[in-house]
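For reference, the chains in residue letters:
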Amino acid sequence: MDAFAFFVQQLGNGFILGSAYALVAIGLTLVFGVLNVINLAQGEIFMVGAFAGLACFEAGFGVTAALIAGAGASALLGLLIERLALRPLPVTADPHIGMVSTIGAAIIIQQLATRFLSARQRPYPTPALLSERVAIGPVSVDLLNLFILVLAAVLTIGLTLVVRHTKVGVAIRAVAESPRIAAMMGINSGVVVPIVFALSSAMAGVAGVLVGMYFNNIGPFIGIPIGLKALAAVILGGLGSVGGAVAASLLIGVAEVMTVAYISSSWRDAVAFAIIIGALLLRPTGLFGSKAAHKV
Amino acid sequence: MKTSRLLRWSARGLAAVLAVLAGELQAADLKIGLLLSQTGPLSSYGVPMKSAAEYAVKLINDAGGINGNKLVVVLEDDTSNPSTFLNGLNRLLEGEKVLALVGPITSGFFQAGGPIVHEAGASMISPTATAPQLTVGNPAAFRNNPSEDVNIPALLELVKKTNPEIRTIAVIYDNKEAADKVIGGLYEKLAPTVGWQVQNVATFLSGQLNYSDIVAKTLRGKPDVVAVAAHAEDAANVARELRRQGYRNLILGGTPTVSQDYIKIGGEAVNGTYVVVPYYQGAKTEQNTRFVAGYSKATGRSAVDPWEASTFECIGMIAQAMRAAGVTGDPAKLAAERKAVQAKLAETRGYPGLVGTIGFDKDRVATKPAVIIRVRDGSWQAL
Amino acid sequence: MKTGRAPIASAAARNLRVARGCGIALASLLALYLAGLLPGLAPSSSVLPQLCISALMAIAVWLPFASGQLSLAQGGFMATGAYLSAWLTVQQHWPFAAALLAGAGATATLGLVVSYPALRLRGVYLAIATLGLGEVIRIFLLNLDATGGAFGFPGIPYHTRLWHLLLALGVTAGLLFLLMRGRIGRAVWAVRHDEIAAAALGIETTRIRVLTFTLGAFVAGLAGGLQAHYVRFIAPDNYGMAALIDWLVFVMVGGFETFVGAVAGAFLLGTMPELLRSFSDWRPLVNGVLLVALLILRPRGFVTRELLGWTFAPRSFDLPVSDVDSAAPPVHEPPSREALRIEGVSKSFGGVTALVDVTMSVRHGAIHGLIGPNGAGKTTLFNAIAGFASIDAGRIVFSGLPIQGLRPQQIARAGIARTFQNIRLYRDLTVLENVMLGGYVRTTSGVVRCVVGLDRAEERQAAGRALQLLRGLGLAARARDSAGALSYGDQRRLEIARALAAEPELLILDEPVAGMNDRERTALAGLLRSIRGDFGKTILLIEHDMELVMSLCEQVTVLNFGHAVASGSPAEVQAHPAVIEAYLGTPSAVGA
């Protein structure tokens, strides 16, 4: 394969990896928007969604069912986390406390998963339909790759539209801006926050099924690196910015893959982080984050 | 008259008590410590290894124990955490006063614990650790995994003979796991000795899920054969990705690849993998046939992985050393008995292992016969 | 007025007693366990040393966090200290102490270098950037074959004994105690909780941040070196996410207000795995559940300053010998002197013009009002004077000294003190502590003096002056109450007291009577007059309350759309047509 085709193929791989990160990252940034809390259990939510999808496949169902199962199981888990690990905390608590509470939740989920789901990695089927290869320009890609890209794009755009134009979306943005004022307007953050959690977790669950199909493989510990990369993407993109999270996720995905392709795989994470550090130093509130305005 | 009867009964009672006590002292338990992860990422190795150890102990005790003493294993779960490991090790040595230890699973932990075991005068055999120089210079350190640089050349020769058209090789290995790094390095170094050109060497850090970029890089030059040195899960996924990207030839693997998981996860992709190993379940020796049958029946496990077999052997070798040293389990003689066991263990030659006889070389690395096996029709088979 | 206060207070007091009781019980249990006195649960010999190392790392994570920086690079710092000191003893045959200090010192230097770019980042952005740094260090070590790479670095000589660790921990704790109980500790708290107020009080936030960050790196490097020579084998993976999460949890659950919390967290949570051994399989699950439960029960962490009974004020203080009058500045400038002159100041933000060629003069010893409709630029002008905003053109001269472009801290030192529109008090600190913070620019004890305990005399004097100030403002009875518990009016007065503690020449107040009722407003007006009279201060204030302004101020300047449209006595200004137009609009104008 000549150099150009190789480059394009790696670029494509990078975009796909980035799309997976993006789906997880969007959820993270949404939750931060309304709760000011980084949900460090997002990676585990992703993992559970993947396993739910796997169970669906093994039961003989198809892709659609698996995606729905993944989304549903993760959404449920997200709601549980919000109810049990975050809501009981006082509003005035230091925001880092919420984050640590989600760490506790993540430990619990992972333990239960290792015990009840699987301690080893498990193979993940790819539906035959999506294994077909098509040629696009100089490279041939699986339909699966296209499917992932398209689905990720659809979900992202759909979510953005929901947040911008629906009543629910307005409510979410109101609570994100100021829960107190939103309450005075009659918006019940006790309803909005769980909705946001459910949405963000569902997206992570879908990402789990997609990643499972793409990597052909999942295990109870995949939540950790995925969660970390997604978090990095959220920060890099600017907290609370959905577009930023997506852009940063793609950037990280491409950077990782290019490092592997042209440097060495042992440095893949280091390069990704170095890019993040560099970008943050240039733009301290993230690429698309709002400048922290100090109202004096 | 009543008093004399009382005295007589008291004397009998006292004698009985003394006899029991003396008997207890005579039949003290001989303790072996087990340092195997029961929770955390390594638990999928540690849990079956514990079963294998307990099975070995059961067989020994059923056959009369060691010089009349019962053999007992005491387990410490290191939870795959270095601090917990250290505390557990110290507890086994100081609190339980074990005579020898089996474990830990990883070279990292083994190296952390080595000096401590040495200072306590005891012995530690790891069934699985393989970092180079692991046991060098530490008389308490033993490993039941032989050196790879003895076996790999044999595999290369065989493959060259049966596939003379091979000219180029690409190597992929896990840079994070000592065993895989060693094996990968050996493939890279030794391939030229059979006239193959090393086209590309790619490394990765285990724990990642995505191999498409590495495999793409590896296959770019269309090598004739690919060597993959990784643990079972990672190796299986690499194999599947290799097949997915169109590679149809042989895959050369390493010892850590050999397990049922490799086939379970890899499916059809792993057919045509060749490995040189010190153990595989289908070995047709009398020892192994008996072991596999008995172990399956006792534990319900139909698939026996190499690390379980290795653990079984380790217990057996320690038991033999204890027998030869004539240990009694008397706490007052702990230091001397530990030293004696260590000495006898180091002298192990011709121990009847599952696949052949085992002995320890001057660096306390096991020397044992190896066999070349391959995956064919979904199972590991001899050639 | 105080209804409901008593039952709530006693409920809080009861919670405190319960928490203290639990703390003592747990500490005793732990001591018994470590001494091997608990039947059936004997600790192995490596338990206490490893707890000490964990405690040191918890402190290393706590230190930057104490000034508001969550640094997740501490794992990488620990690795740096470990690898460097190990390499020195093994390859270069250095003696242990030298290698240890070299490792810790090099790590501290790395921390220092990193801390400057880190200043640009806040909150989770900083956390992720530092996490990235830690990972980069770890991956670098993984690929560094000279020290073993992924195989790890074996054969490190066994130098660390238990007494080394206890000594290191004890000395660190002792030094931190001495450092954090006085002026520097107050400053660190101030920077963490409100950076802007801290800057206005003259606290060099940059230096404080760099200090805690570098100290944290030093402790991490020290812990790394000590651990390397205890375990005798190190590998890059030991410094990864798993360990970092442990330390973070120690700090959060143990209590992040003081270093004691970090140590307590390390000891308690570090012992749990040992004590829970019988649960073996379920241990991590139990850990997770306990973590969440503890956080919900005590979200500020187990050990709080309240629990320990610590304050940033000394127990005893020296009241100033002389009486109230001589708290005034020694020399009275003649009343006609100019305190503040603003010449042709302009400022725009992007497309928005906030100030256009504003010129005004504030006479020394006057009470000068600055009024104008909302959005006229009053607060922008204040921020420019106080150093929080730069100006595009013009000069600001204070007592003959040009101050435009100076930083807030420099302005504070020059003798200008301010209050804020939204009250920036430290709600969790006491009234006395807040006022003592106000006196930051008038005290001088630095890190060295604090650490050797030479700051006590100055502290006592500062506390005495603060108390006297509170007496003058009628808040002395509330000195030990937390600032957040005060009524709104009292909080405003407290903020003024805090500003006065800096002994400024010029006091600038941003809407000092906003939200007050009649009685409070009259009282405050009287207070301001007495401040001007008794203390000889010049006062510049922004206000919307016209009655107050007209009755209190001798001079008034009116801003409208960034222009100074009128300046003079209240009567002159009230009659000025431009002012009338600004507030009421001209009859023909459709929208003003």
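The rules behind each value
- Residues numbered from 1 in each chain as written.
- Chains lettered and ligands numbered in written order.
- Predicted model: local features only at pLDDT ≥ 70, side-chain atom pairs only at ≥ 80, totals over all residues.
- Helix = DSSP H or I, 4+ residues; strand = E, 2+ residues; numbered from the N terminus.
- Contact = placed C-beta atoms within 7 Å.
- Buried ≥ 20, exposed ≤ 12 C-beta atoms within 10 Å, placed from the backbone.
- Nonpolar A, V, L, I, M, F, W, Y, C, P; charged D, E, K, R; others polar.
- Pairing = 2+ DSSP bridges.
- Axes fitted to C-alpha atoms, helices over the stretch in contact; angles between N-to-C directions.
- Domains from an automatic or database assignment.
- Left-handed = near helix turned anticlockwise from the far one by under 90°.
- pLDDT = per-residue confidence, 0-100.
- Core = buried A, V, L, I, M, F, W, Y, C linked by C-beta atoms within 7 Å.
- Expected span 1.5 Å × (residues − 1).
- Bend = angle between axes of the 7 residues up to and from the residue.

### Thoughts on the overall build of chain C
Broken down by element type, chain C carries 23 helices and 10 strands. Overall, chain C is about 85 × 55 × 50 Å in size when its C-alpha atoms are taken along their principal axes. A sequence separation of at least 24 residues applies to 76% of the contacts in chain C between residues at least 6 apart.

### Quick word on the overall build of chain B
In terms of regular secondary structure, chain B is built from 12 helices and 15 strands. Oriented by its inertia axes, the alpha-carbon framework of chain B measures out at about 105 × 40 × 35 Å. A total of 383 residues make up chain B; the buried ones form 57% of that total. Across chain B, contacts joining residues at least 24 apart in sequence account for 69% of those joining residues at least 6 apart.

### Points about the interface of chain C and chain A
In this complex, chain C contributes 35 residues to the contact, which on the side of chain A involves 37 residues. Among the elements of the structure, helix 5 (123–143), helix 10 (241–254) and helix 12 (283–297) of chain C are those that each provide at least two residues to the side of chain C that touches chain A. Taken together, the residues of the side of chain C that touches chain A break down into 27 nonpolar, 5 polar and 3 charged.

### What about the sheet that holds strand 6 (residues 168–174) of chain B?
Residue and element names in this part refer to chain B. The mixed open sheet is built from 7 strands, whose spatial order is 7-6-8-9-10-14-15. One side of each edge strand has no neighbouring strand; the edge strands of this open sheet are strand 7 (197–204) and strand 15 (379–382). Where strand 8 (residues 225–229) meets strand 9 (residues 251–252), 2 bridges bridge the pair, whose relative direction is parallel. Residue pairing in the sheet places Val226 in a bridge with Ile251 of strand 9. Across the sheet, helix 5 (residues 148–162) lies against strand 9, strand 10 (273–277) and strand 14 (371–376), angled at about 145° from strand 10, the strand it touches most. Along the sheet, helix 8 (residues 232–244) contacts strand 6, strand 8, strand 9 and strand 10; its crossing angle with strand 8, the most-contacted strand, is approximately 155°.

### As for the domain arrangement of chain B
All names here are of chain B. According to the domain assignment, chain B consists of domain 1 (26–146 + 283–369) and domain 2 (148–277). When each unit is reduced to the centre of its C-alpha atoms, the spacing between domain 1 and domain 2 is 30 Å. Along the lines of polarity and charge, the residues of the side of domain 1 that touches domain 2 split into 5 nonpolar, 2 polar and 1 charged.

### Concerning the pairing of strand 10 (residues 563–568) of chain C
Every regular strand shows the same layout, with side chains that alternate between the two sheet faces. Residue and element names in this part refer to chain C. Inspection of the sheet shows strand 9 (residues 555–560) paired to strand 10 by 5 bridges, in the antiparallel sense. Along strand 10, the bridge assignment pairs Leu559 with Ala564. Between the end of strand 9 and the start of strand 10, which pair antiparallel, lie 2 residues, with Phe561 showing a positive phi angle near 50°.

### Let's talk about the interface of chain B and chain C
At the junction of the two partners, chain B supplies 23 residues and chain C supplies 23 residues. Contributing elements (two or more residues each) for the side of chain B that touches chain C: helix 3 (82–95), helix 4 (107–120) and helix 6 (178–190) of chain B. Tallying contributions element by element places helix 3 of chain B first for the side of chain B that touches chain C, with 9 residues. Tallied by class, residues from the side of chain B that touches chain C come to 6 nonpolar, 12 polar and 5 charged.

### What about the environment of Glu165(B)?
All names here are of chain B. As for its position among the elements, Glu165 is in the loop between helix 5 and strand 6. Take Glu165: there are 7 C-beta atoms within 10 Å of it, and that puts it in the exposed class. Taking the C-alpha atoms as reference points, Glu165 and Asp224, separated by 59 residues in sequence, lie 8.3 Å from one another.

### Examining unusual backbone geometry
Residue and element names in this part refer to chain B. The amide bond that connects Gly103 to the next residue, Pro104, takes the cis arrangement and shows omega of -10°. Residue placement: Pro104 occurs in the loop between strand 3 (100–102) and helix 4. Positive phi is not limited to glycine here, since Lys222 has a value of about 50°. Residue class for Lys222 comes out exposed when judged on the 12 C-beta atoms lying within 10 Å of it. A positive phi angle is found at Arg364, which is not glycine, with a value near 65°. Note on placement: Arg364 falls in the loop between strand 12 (357–360) and strand 13 (366–367). For Arg364, a count of 22 C-beta atoms within 10 Å gives the class buried.

### Regarding the sheet that holds strand 4 (residues 393–398) of chain C
All names here are of chain C. Strand order in this open sheet of 4 strands is 2-1-4-5, and the pairing throughout is antiparallel. Across the chains shown, the open sheet's two edge strands, defined by having one partner strand only, are strand 2 (352–363) and strand 5 (401–402). In terms of strand pairing, strand 4 meets strand 5 through 2 bridges, oriented antiparallel. Counterpart to Phe398 in the pairing with strand 5 is Leu401. Most of the contacts of helix 14 (residues 378–386) go to strand 2, to which it runs at about 65°, and overall it touches strand 1 (338–349), strand 2 and strand 4.

### Describing the pairing of strand 9 of chain C
Residues and elements named next belong to chain C. The element strand 9 is largely enclosed, with a buried count of 6 among its 6 residues. Inspection of the sheet shows strand 3 (residues 367–371) paired to strand 9 by 4 bridges, in the parallel sense. Pairing of His368 across the sheet is with Gln555, part of strand 9.

### Some words on the packing of helix 11 (residues 306–325) of chain B against helix 12 (residues 334–346) of chain B
Residues and elements named next belong to chain B. The contact between helix 11 and helix 12 brings their axes to 8 Å, and the two run at 115°. Between helix 11 and helix 12 lies a crossing of right-handed hand. Taken together, the residues of helix 12 that come into contact with helix 11 (itself represented by Met317, Ile318, Ala321, Met322, Ala324 and Ala325) are Glu337, Ala340, Val341, Lys344 and Leu345. Residues of the contact of helix 11 with helix 12, tallied by class, amount to 9 nonpolar, no polar and 2 charged.

### Looking at the environment of Lys333(B)
Mapped onto the elements of the fold, Lys333(B) is located in the loop between helix 11 and helix 12. Separated by 278 residues in sequence, Lys333(B) and Tyr55(B) have C-alpha atoms that sit 28 Å apart.

### Regarding the confidence of the model for chain C
All names here are of chain C. On average, residues of chain C carry a pLDDT of 88, and 94% of them reach 70 or more. Note that pLDDT drops below 50 for residues 324–330; the model gives that stretch 9 contacts with residues more than four away or on any other chain. Reported confidences for the modelled complex are a pTM of 0.87 and an ipTM of 0.81.

### Quick word on the environment of Gly439(C)
All names here are of chain C. Summarising the element assignment, Gly439 is placed in the loop between helix 16 (431–438) and helix 17 (447–451). Separated by 65 residues in the primary sequence, Gly439 and Pro504 place their C-alpha atoms 10.0 Å from one another. Apart from residues lying up to four places away in sequence, Gly439 is in contact with Ala462, Arg465, Ala466, Ala501 and Ala502.

### Examining the packing of helix 2 (residues 42–58) of chain A against helix 3 (residues 63–86) of chain A
All names here are of chain A. For the pair helix 2 and helix 3, the least separation of the axes is 7 Å and the interaxial angle reads 145°. Judged by the twist between their axes, the crossing of helix 2 over helix 3 is right-handed. On helix 3, the residues that touch Ile45, Val48, Gly49, Ala50, Ala52, Gly53, Ala55, Cys56 and Phe57 of helix 2 are Ala65, Ala66, Leu67, Ala69, Gly70, Ala71, Ala73, Ser74, Leu77 and Gly78.

### Here we look at the nonpolar core
The biggest cluster of nonpolar side chains holds 425 residues, and the ones touching the most others in it are Ile318(B), Leu56(C), Ala58(C), Ile59(C), Trp62(C) and Val251(C). In terms of residues, this core owes the most to one element, helix 8 (residues 189–215) of chain A, which gives 17 residues. Each of domain 1 (26–146 + 283–369) and domain 2 (148–277) of chain B contributes no fewer than three residues to this core. Residues within four places of Val251(C) in sequence aside, it is in contact with Ala58(C), Val61(C), Trp62(C), Phe65(C), Phe256(C), Gly261(C), Ala262(C) and Gly265(C).

### Quick look at helix 4 of chain B
Think of an α-helix as 3.6 residues a turn; residues three or four steps apart then line up on the same face. Residues and elements named next belong to chain B. With 14 residues, helix 4 should reach 20 Å at 1.5 Å per residue; the first-to-last C-alpha distance of 20 Å fits that figure. Its maximal kink placed at Gly113, helix 4 deviates by approximately 35°, while the proline Pro115 follows within four residues. Along helix 4, 12 of the 14 residues are buried, which leaves the element largely enclosed by surrounding structure. A positive phi of about 75° marks Gly121, the residue just after helix 4.

### So, the confidence of the model for chain B
Here chain B shows a mean pLDDT of 88. Residues at 70 or above account for 92%. Here residues 22–26 of chain B scores under 50 on pLDDT; set against residues more than four positions off or in separate chains, the count is 0 contacts.

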